[in-house]
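# Inside the fold
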Amino acid sequence: MTAPGKKTEPLIYEISVTGREGVKMPDCDVPETPLPDELIREEVGLPEVSELQAVRHFVNLSQLNHGIDTGFYPLGSCTMKYNPKVNEDVARLPGFAFLHPLTDDEGAQGALALMHQLQEWLAEISGFTAVSLQPAAGAQGELAGILMIRKYHLDRGDSERKTILIPNSAHGTNPATAAMAGMTVIELPSDDKGNVDLEALRAACAGDNAPTIAGMMITVPSTLGLFDSNILEINRIVHEAGGLMYMDGANMNSLLGIVKPGELGFDVMHYNLHKTFSTPHGGGGPGCGAVGVSETLKPFLPGPIVTIVEDTNDLEDAPLYGLHMPEKSIGRLKAFHGNFGMHNRAYAYIRTYGGDGLREVSRHAVLNANYVRVNLADDYHIPYNRYCAHEFVMEGHFEGVEGVHALDISKRLMDYGIHPPTNYFPLIVHEALLIEPTETEDKATLDEFISAMRKIAEEAKTNPELLTEAPHITPVKRLDEVRAAKQLVLCCRPEFLTAAAQAEG
Ligand SMILES: *Cc1c(COP(=O)(O)O)cnc(C)c1O
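Below is a summary of the structure that appears in this document. (Residues numbered from 1 in each chain as written. Predicted model: local features only at pLDDT ≥ 70, side-chain atom pairs only at ≥ 80, totals over all residues. Heavy atoms only, no water.)

## Some thoughts on the site of the ligand
We apply this condition: When we say a residue is near a molecule or strand, we mean one of its heavy atoms is within 4 Å of it. Two N or O atoms form a polar contact when they lie within 3.5 Å of each other; inside protein one atom must be a possible hydrogen donor and the other a possible acceptor, and for residues adjacent in sequence the pair counts only when both atoms belong to side chains. Only the protein chains shown count as covering a residue, and every accessible area follows the Shrake-Rupley method with a 1.4 Å probe. Every helix listed is a DSSP run of H or I at least four residues long, and every strand listed is a run of E at least two residues long, numbered separately from the N terminus. Put simply, Ala, Val, Leu, Ile, Met, Phe, Trp, Tyr, Cys and Pro go in the nonpolar bin, Asp, Glu, Lys and Arg in the charged bin, and everything else, Gly too, in the polar bin.
Lining the immediate surroundings of the ligand are 14 residues, of which Gly138, Ala139, Asp248, His274 and Lys275 lie closest. Note that an oxygen atom of the ligand is positioned 2.8 Å from one of the backbone N or O atoms of serine 77. Residue glycine 138 places a main-chain N or O atom 2.7 Å away from an oxygen atom belonging to the ligand. For the ligand, whose unbound accessible area comes to 380 Å², protein coverage reaches 85%. Per element, the largest residue contribution to the shell around the ligand is three residues, and it comes from helix α5 (residues 138-155). Counted by class, the shell around the ligand contains three nonpolar, eight polar and three charged residues.

Given below as structure tokens:
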């Protein structure tokens, strides 16, 4: 993987020449009418460039960001795997893309059939009874899950259960979700193997505490990339206390065709279709955090969900699909039917791979992570160095090398043309670097990554400035990330850039 070594392009305003035109308009063949005065703004000062210069400007801009289509992207917990382009073709089929969301059920049978099939497949994949495609993100799926758990208890006339147990290896959205839903969070420690500390869990569920436990939220595999060895016992303890079990299934890409969470005893789980099932994500775009539930929570699902209204029992004839609000539903989470474009893509993905293919997806996700882990174990400290799932966490610092941090390793990786891993998360690992190679990378790419990481470990000891002053080849160097978000400069006009630079002092 050679560093791209991008040269800095001149600003489009710098190459502007007065009077140069990008487009030749045909001669006007209708009577001309002057624009109203207030629409004519001489001072807009658009750059005057040729068409080719404009094309180069925008194509160069489009390549400044690192993306999965341009390079390796081992951003732990985010599953930045390749999104097959055929998914895009499917989502753009006019019958799907142009279907108006207010079309009546009769006129939308194809779309409803697709959603119904996707609900069924997701239920089958994880051993749940029913699925709702409403939630627009993983975090919203979590909120749906906790609201369902709360409503379940209230429906039984039990208003005392307001505590949600969350291990400290959970994804950060888990405690945020529980708090948003008005619950009290009790954090559980992890043991030295990275599993939930069973003694702490038993104590939290014992005696007078038991009637206050609404449930537990657990990320599986955890953000340490580990599958908890005591998962059945954990489910048993919480259920015995009367609580329900929520699984954060954003990382289902390590379990497909191997483990069904419903069979482990979980009552509710969210999927991240925009991770596991390869719908594109990032930048806060549309997603789908579908939720699957056991029989217990089925009546509480957010709706509407798609059901078969009339089954013809005739293989030749398609059944009639309709929308249905579950009887005790927590309600809607999203306008219309969720992010339907994501349903299309996930459908295409599952359909393309089939059951056996999906199992291979997970086997390779796990194999790739373990391959990288084992190959970096001599150069980096890996705190829970055991068989991992689809990702693993290591520490980004070196004994005897002061002043080199996880962030410096990440910035230096950019010089090798690789996107940094997730930094400083999970919080329970010092100088954490969370690495998720995903199954879509081949051995050659993994070897290049391993080699880059080894070189960086060497550089840290021999020439630490290479790390602490990195990145060296990117168009912008280290950003003040907070200020970059708060004082966003979206225009490249010289006077704006100058003003921004002055504001920075
Ligand atoms: C990504 C992720 C989430 C949140 O998903 P969003 O779609 O970003 O809201 C929750 N839990 C885990 C484990 C994740 O990896």
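Having put the structure on the table, let's press on.
## Section: the packing of helix α4 (residues 109-126) against helix α10 (residues 340-376)
Using the following cut-off: To define axes, lines are fitted to C-alpha atoms, for helices over the stretch in contact only, and angles between the resulting N-to-C directions are given on a 0 to 180 degree scale. Each angle gets one of four labels, with under 35 degrees taken as roughly parallel, over 145 as roughly antiparallel, 65 to 115 as roughly perpendicular, and the rest as oblique. In this scheme, a crossing is called left-handed if the near helix is turned counterclockwise away from the far one by less than a right angle; it is called right-handed if the turn is clockwise. In this description, contact between two residues means that some pair of their heavy atoms is separated by no more than 4.5 Å.
At a minimum axis distance of 10 Å, the contact between α4 and α10 shows a crossing angle of 45°. In terms of axis orientation, α4 runs oblique to α10. Viewed along their axes, α4 and α10 form a crossing whose handedness is left-handed. Listed contacts from α10 to Ala111, Leu114, Met115, Gln117, Leu118, Trp121, Leu122 and Ile125 of α4 are Phe340, His343, Asn344, Ala346, Tyr347, Ile350, Arg351 and Leu358. Of the residues that constitute the contact of α4 with α10, the class distribution is twelve nonpolar, three polar and one charged.

## Considering the packing of aromatic side chains
Here is the rule we go by: When the centres of two rings from Phe, Tyr and Trp lie within 6.5 Å, Trp using its six-membered ring, the rings pair. Their planes under 30 degrees apart give stacked, over 60 give edge-to-face, and anything left gives tilted. Summary of the burial criterion: residues with accessible area below 20% of their type's maximum are buried, those above 50% are exposed, and those between are partly exposed, where the area comes from a 1.4 Å probe applied to protein chains only.
Tallying each qualifying case throughout the model produces seven aromatic pairs. Summarising the aromatic geometry, the rings of phenylalanine 96 and phenylalanine 340 are spaced 5.8 Å apart at their centres and angled 70° between planes, so their arrangement reads as edge-to-face. Of this pair, phenylalanine 96 sits in helix α3 (residues 94-97) while phenylalanine 340 sits in helix α10, placing them 244 residues apart in sequence. Each member of the pair, phenylalanine 96 as well as phenylalanine 340, carries the same accessibility label: buried. Among the aromatic residues, those joined into a ring-pair cluster are Phe277, Tyr349 and Tyr353.

On their own, these measurements won't tell you what the molecule is for.
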